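Here is how the chains run, residue by residue.
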Amino acid sequence: MKKKTKKLTYIILAVFLVSMIVMTIVSRIMNESHIPIVETQTPRSASLVLDAIGRGVIRLATGLDTKVQDGLFEKDTYYVEGYFFDKEYVENTLEGSKIQLSIDGKKVEGTLVTKTYNYREDTIDVVISLPQEKDYVAGNEIEFVLENTKVKYPCCIAKDLIYEEDGTYYVYLLKERESILGNVTIAVKTQIHIIAQNKNAAAISEEFGKETEIIAKGVKLEDGIKVRKKEW
């Protein structure tokens, strides 16, 4: 009798273990069937053809403006505060040089007053004086013109990989993460900083390696969700 009871117990345990294994496998298959399948692209160094070599904003100097206090401008003077993303161009341009600007579609000649390298954005920050006999609107964005300039950047990505949210740009990177069921791949929302762009591509200040995989649009993504890379 005891032998039969023990045998029955073993059978029940075996059935329970087998059912647990089957349930785990089924659950995993069902979960994987709901995991988005994604395609990826990698960044690369490239030369972008640009319509402008920099951008800026028109400012009106006030008595509290540090540029007035430093003696760069007089009070109620209009000037431009901006940056060059063509570093090679501005590195060879001396302070006092004339800079062609595009303001409301009209070309205006300004004068380079100061330039400073911005390590965070990998750009050259500049201050440019404007001819004061013209009418300006403080806050208007302008471009520094040099048509069809080709500028080389170390990290470029396709523009259709980029998302925008409240003026902030980001992409989704494909990352591997450990889990109790082994390694899984997830989408990681990552902020980027655009320093130059044309219709097709954007140069960014982040130094993504060539092995970095950026998830293409086409599926709904959220930060941290599981994804599966498409097998070709």
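Here we summarise the structure given alongside this text.

### Regarding the overall build of the protein
Along the protein, the regular secondary structure elements total three helices and 15 strands. The 232 residues of the protein split such that 35% are buried. Summed over its atoms, the accessible surface of the protein is roughly 15,200 Å², and 52% of this surface lies on carbon and sulfur atoms.

### Side note on the state of the cysteines
Following the criterion strictly, the structure yields zero disulfides and no others. Here C155 is not cross-linked by a disulfide; its sulfur's nearest cysteine counterpart is in C156, at 6.9 Å. Under the relative-accessibility criterion, C156 is labelled buried at 5%.

### Concerning the nonpolar core
Ranked by internal contacts, the top residues of the largest apolar core, which has 17 residues, are V80, F84, L101, I103, V126, I128 and F144. When contributions to this core are tallied by element, the ones reaching two or more residues are β3 (44-60), β4 (78-84), β5 (98-103), β6 (106-118), β7 (123-129) and β8 (141-158). When neighbours within four sequence positions are excluded, F84 is seen to be in contact with I53, G54, Y89, V90, I99, T123, I124, V126 and F144. Within the second largest apolar cluster, 13 residues are counted, among which are L161, I162, V171 and A216.

### A short note on the side chain of T111
Inspection of the secondary structure puts T111 in strand β6. Here K98 takes part through its side chain, which lies 3.0 Å from a polar atom of the side chain of T111. Once residues lying within four places of it in the same chain are set aside, the contact partners of T111 are G96, S97, K98, V127, I128 and S129.

### Structural notes on a nonpolar patch on the surface
Side chains of F16, L17 and M20 sit close together on the surface and give an oily, nonpolar patch of about 310 Å² of accessible area. Within the fold, L17 resides in helix α1 (residues 2-33). Note on L17: relative accessible area 52%, which makes it exposed.

### Quick look at the packing of aromatic side chains
Enumeration according to the criterion identifies seven aromatic pairs in this entry. An angle of 10 degrees between the planes, with centres 4.7 Å apart, marks the rings of F73 and Y79 as stacked. Side by side, F73 and Y79 carry an identical accessibility label, which is buried. Aromatic side chains Y163 and Y170 sit 5.4 Å apart centroid to centroid with 10 degrees between the ring planes, which places their arrangement in the stacked category. A connected cluster of aromatic rings, assembled from ring pairs, spans Y163, Y170 and Y172. Over the aromatic face of Y170 sits the side chain of K189, whose NZ or CZ is 4.3 Å from the ring centroid. Sitting over the face of the ring of Y163, K217 holds its NZ or CZ atom 4.7 Å from the ring centroid.

### A look at the pattern of salt bridges
Inspection of the entire model under this criterion finds six salt bridges. The partner of K67 in a salt bridge is E81, with the nearest N and O atoms 2.9 Å apart. With K67 in helix α2 (residues 66-69) and E81 in strand β4, this pair connects stretches of sequence that are 14 residues apart. When the shortest N-O distance is used, the salt bridge between K229 and E213 registers 2.4 Å. Separated by 16 residues along the polypeptide, K229 in strand β15 (residues 226-229) and E213 in the loop between β13 (201-204) and β14 (214-215) bring together distant segments of the chain. Ionic contacts of the salt-bridge type, sharing partners, join the residues R59, K67 and E81 into one network.

Criteria and cut-off values
- Residues numbered from 1 in each chain as written.
- Predicted model: local features only at pLDDT ≥ 70, side-chain atom pairs only at ≥ 80, totals over all residues.
- Heavy atoms only, no water.
- Helix = DSSP H or I, 4+ residues; strand = E, 2+ residues; numbered from the N terminus.
- Buried < 20%, exposed > 50% of the residue type's maximum accessible area, 1.4 Å probe, protein only.
- Areas by Shrake-Rupley, 256 points an atom, 1.4 Å probe, with all protein chains shown as cover.
- Disulfide = S-S within 2.5 Å.
- Core = buried A, V, L, I, M, F, W, Y, C linked by side-chain atoms within 4.5 Å.
- Contact = heavy atoms within 4.5 Å.
- Polar contact = N/O pair within 3.5 Å; in protein donor to acceptor, adjacent residues only side chain to side chain.
- Patch = residues over 30% accessible without salt bridge, like charges linked within 9 Å, V, L, I, M, F, W, Y side chains within 5 Å.
- Salt bridge = Lys/Arg side-chain N within 4 Å of Asp/Glu carboxyl O.
- Phe/Tyr/Trp six-rings, centres within 6.5 Å; stacked < 30°, edge-to-face > 60°.
- Lys NZ or Arg CZ within 6 Å of the ring centre and 35° of its normal.

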